[in-house]
Amino acid sequence: MRVRNTINDELLRVSYSEPKNIKNFLRNWSGLESLSLKGDTVALCILADLKKVTGIDPELYDRHSREAFDEGYKDGCLTYYQFMSIAYTLVLGYSQEEIAYVMGVVDHSVINKNIHTGIKRVIKVLEGGADEDKMQAGG
């Protein structure tokens, strides 16, 4: 297989400071993986940034044994609940209701709030902000 070294100008212009962009990257994780396997260096860099900051690694996900995947939050800047909410709904495609049930939360609005605050934290870290708030927030 021949891999090209491709620079995706369109992706290169997408800003990390916009929550909708981060959310779209997370939702389209597999698309970014596909582009990176074709030699898209920008997609590869975005994936590396997201993995480093969030601790999410879909390759560790196993429906029958989720422990290794769930422990990924320790490697990122997110609290456990932010990680679970973002990883399972945006990256893996579960509904907010399903994740709320699994996490023992009464309402899916809590999942939505975790996603919102988690994405804000991801943006802060990607833009060079410290991730010390995780420790201060008890995460």
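Summary of the structure given here.

What counts and what doesn't
Residues numbered from 1 in each chain as written. Predicted model: local features only at pLDDT ≥ 70, side-chain atom pairs only at ≥ 80, totals over all residues. Heavy atoms only, no water. Salt bridge = Lys/Arg side-chain N within 4 Å of Asp/Glu carboxyl O. Buried < 20%, exposed > 50% of the residue type's maximum accessible area, 1.4 Å probe, protein only. Axes fitted to C-alpha atoms, helices over the stretch in contact; angles between N-to-C directions. Helix = DSSP H or I, 4+ residues; strand = E, 2+ residues; numbered from the N terminus. Parallel < 35°, antiparallel > 145°, perpendicular 65-115°, else oblique. Left-handed = near helix turned anticlockwise from the far one by under 90°. Contact = heavy atoms within 4.5 Å. Nonpolar A, V, L, I, M, F, W, Y, C, P; charged D, E, K, R; others polar.

1. A few points about the pattern of salt bridges
Phase 1: Throughout the structure, instances matching the rule amount to 2 salt bridges.
Phase 2: The closest approach of N and O atoms between Lys51 and Asp57, which form a salt bridge, is 4.0 Å.
Phase 3: Residue classification places Asp57 among the partly exposed residues on the basis of a relative accessible area of 23%.
Phase 4: Its salt-bridge partner being Glu71, residue Lys74 comes within 2.5 Å of it at the nearest N-O pair.
Phase 5: Taking relative accessible area as the criterion, Glu71 reaches 33% and is therefore assigned partly exposed.

2. Here's the deal with the packing of helix H4 (residues 41-54) against helix H8 (residues 108-126)
What describes two packed helices is the angle between their axes and the distance between those same axes.
Phase 1: Direction vectors running N to C along H4 and H8 enclose 115 degrees, while the axes themselves pass 10 Å from each other. Considered as vectors, H4 and H8 are oriented roughly perpendicular to each other. Crossing of H4 over H8 shows right-handed handedness. Contacts from Asp49, Val53 and Thr54 in H4 reach Val122, Val125 and Leu126 in H8.
Phase 2: Residues belonging to the contact of H4 with H8 are distributed by class as follows: 4 nonpolar, 1 polar and 1 charged.

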